[in-house]
Amino acid sequence: AFIYKSGAWTQFSYAIPYLYILGDQRTSITGGWIEVSYSSSTGTPSIVFGDSSISISSVAGANGGGNYIYPGVATKNAINLTNVNRIRMDVLSAKKQHVTALTVVSKTSGDLEDYIVARTDIETGTTGIVDLDVSSLSGNYHVCAFATCAGAGATGYLEFDEVWME
């Protein structure tokens, strides 16, 4: 397949650009989607790999202002984003309390905020297509989605049913 980038048609790295579609984790490309979370609280992350979507929710503990919880999902394999203009996600539901975002990260362990190389925030009430510009990137990265919260009793939520590259 080909895409139009920087004024010219360029060979696309993958025949089918979907990374997730209606429950299919596209394991031949992604290696599957994995849970990626870190926290400083007694909060509760919940990640559900459903029949047709993935949902991520977070509830921070009641310990006070320093609480944060960062549940998310990411592609197990790093994806070659050379010649990719954008990553798109079909959002079914979102609640942003701290950071709810579609991101590209260089690794999937530790404090993931330190490894974000591209990010687009997803606001409360968002439904439909969200775009993440990755046109300046080349090389291999993990595609990641978060629904985070910070502060006692705070909540975050994200549910999506498709992720693809263009």
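Each chain has its residues counted from 1, running along the sequence as written. Totals for whole chains, interfaces and linings use all residues, but because this is a predicted model, local features are given only for residues with pLDDT of at least 70 and pairs of side-chain atoms are given and counted only at 80 or more. Hydrogens and waters are ignored; side-chain quantities use all the structure's heavy atoms.

(A) Examining the overall build of the protein chain more closely. Comment: elements are numbered from the N terminus, with helices defined as DSSP H or I runs of at least four residues and strands as E runs of at least two. Check the secondary structure of the protein chain and you find one helix and 15 strands. By the burial criterion, 45% of the 166 residues in the protein chain qualify as buried. Any pair of residues with heavy atoms lying within 4.5 Å of one another is described as a contacting pair. Within the protein chain, contacts between residues separated by at least 24 positions form 74% of all contacts whose residues are at least 6 apart in sequence. To be clear on the numbers: accessible area is Shrake-Rupley with a 1.4 Å probe, and residue cover counts the displayed protein chains and nothing else. Counting every atom, the protein chain has about 7,200 Å² of accessible surface; 46% of that belongs to carbon and sulfur. A simple rule labels every residue: compare its accessible area, found with a 1.4 Å probe on the protein chains alone, to the largest value its type can have, and call it buried under 20%, exposed over 50%, or partly exposed in between.

(B) Up close: the nonpolar core. Leu81, Ile87, Leu158 and Phe160 are the most contacted members of the largest nonpolar core, which totals 31 residues. Listed by contribution, the elements that provide at least two residues to this core are strand S3 (18–21), strand S6 (54–59), strand S9 (86–95), strand S10 (100–105), strand S12 (128–133), strand S13 (140–147) and strand S15 (155–165). Grouped together as the second largest cluster of nonpolar side chains are seven residues, Ala74, Val105, Leu112 and Phe146 included. For this analysis, a nonpolar core means a set of buried residues of the types Ala, Val, Leu, Ile, Met, Phe, Trp, Tyr and Cys, connected via side-chain atoms within 4.5 Å.

(C) How the structure looks around the pairing of S13. Of all eight residues that make up S13, seven are buried, and the element is covered over most of its length. Of the pairings in the sheet, the one linking S10 to S13 comprises six bridges and is antiparallel in character. Across the sheet, Leu102 pairs through a bridge with Ala145, a residue of S13. At least two bridges found by DSSP between two strands are what make those strands a pair.

(D) View of the packing of aromatic side chains. Note on aromatic pairs: the rings of Phe, Tyr and Trp (six-membered ring only in Trp) are paired at centre separations within 6.5 Å, and the planes decide the class, stacked below 30 degrees, edge-to-face beyond 60, tilted for the rest. Summed over the entire model, instances satisfying the criterion amount to four aromatic pairs. Note on Tyr20 and Trp33: the rings are 6.3 Å apart at their centroids and 80° apart in plane angle, and the pair reads as edge-to-face. One end of the pair, Tyr20, is in strand S3; the other, Trp33, is in strand S4 (residues 33–39), and 13 residues separate them in sequence. Taking the relative accessible area as the measure of exposure, Tyr20 reaches 1% and is therefore buried.

(E) Expanded view of unusual backbone geometry. The backbone of Leu22 sits at a positive phi, close to 50°, despite the residue not being glycine. Relative to the assigned elements, Leu22 resides in the loop between S3 and helix H1 (27–30).

(F) Representation of the pattern of salt bridges in the model. Here a salt bridge means any side-chain nitrogen of Lys or Arg lying within 4 Å of a carboxyl oxygen belonging to Asp or Glu. Under the criterion given, the structure shown has six salt bridges. Close ionic contact of Asp131 with Arg86 constitutes a salt bridge, the shortest N to O distance being 3.3 Å. Here Asp131 is found in strand S12, whereas its partner Arg86 is found in strand S9, with 45 residues between them in sequence. In this structure Asp131 comes out as partly exposed when scored by relative accessible area, which is 31%. A cluster of three or more residues bridged by salt bridges with shared partners is formed by Arg86, Arg88, Asp131 and Glu166.

(G) Here's a closer look at the pairing of S6. One ladder, built from six bridges, connects strand S5 (residues 44–49) with S6; its direction is antiparallel. Across the sheet, the residue bridging to Thr44 is Val59, located in S6. Following S5, the chain reverses through four residues before pairing antiparallel with S6.

(H) Inspection of the environment of Ser57 at higher detail. With respect to the helices, strands and loops of the structure, Ser57 is situated in strand S6. In contact with Ser57, other than residues within four places in its own chain, are Thr44, Pro45, Ser46, Pro71, Gly156 and Tyr157.

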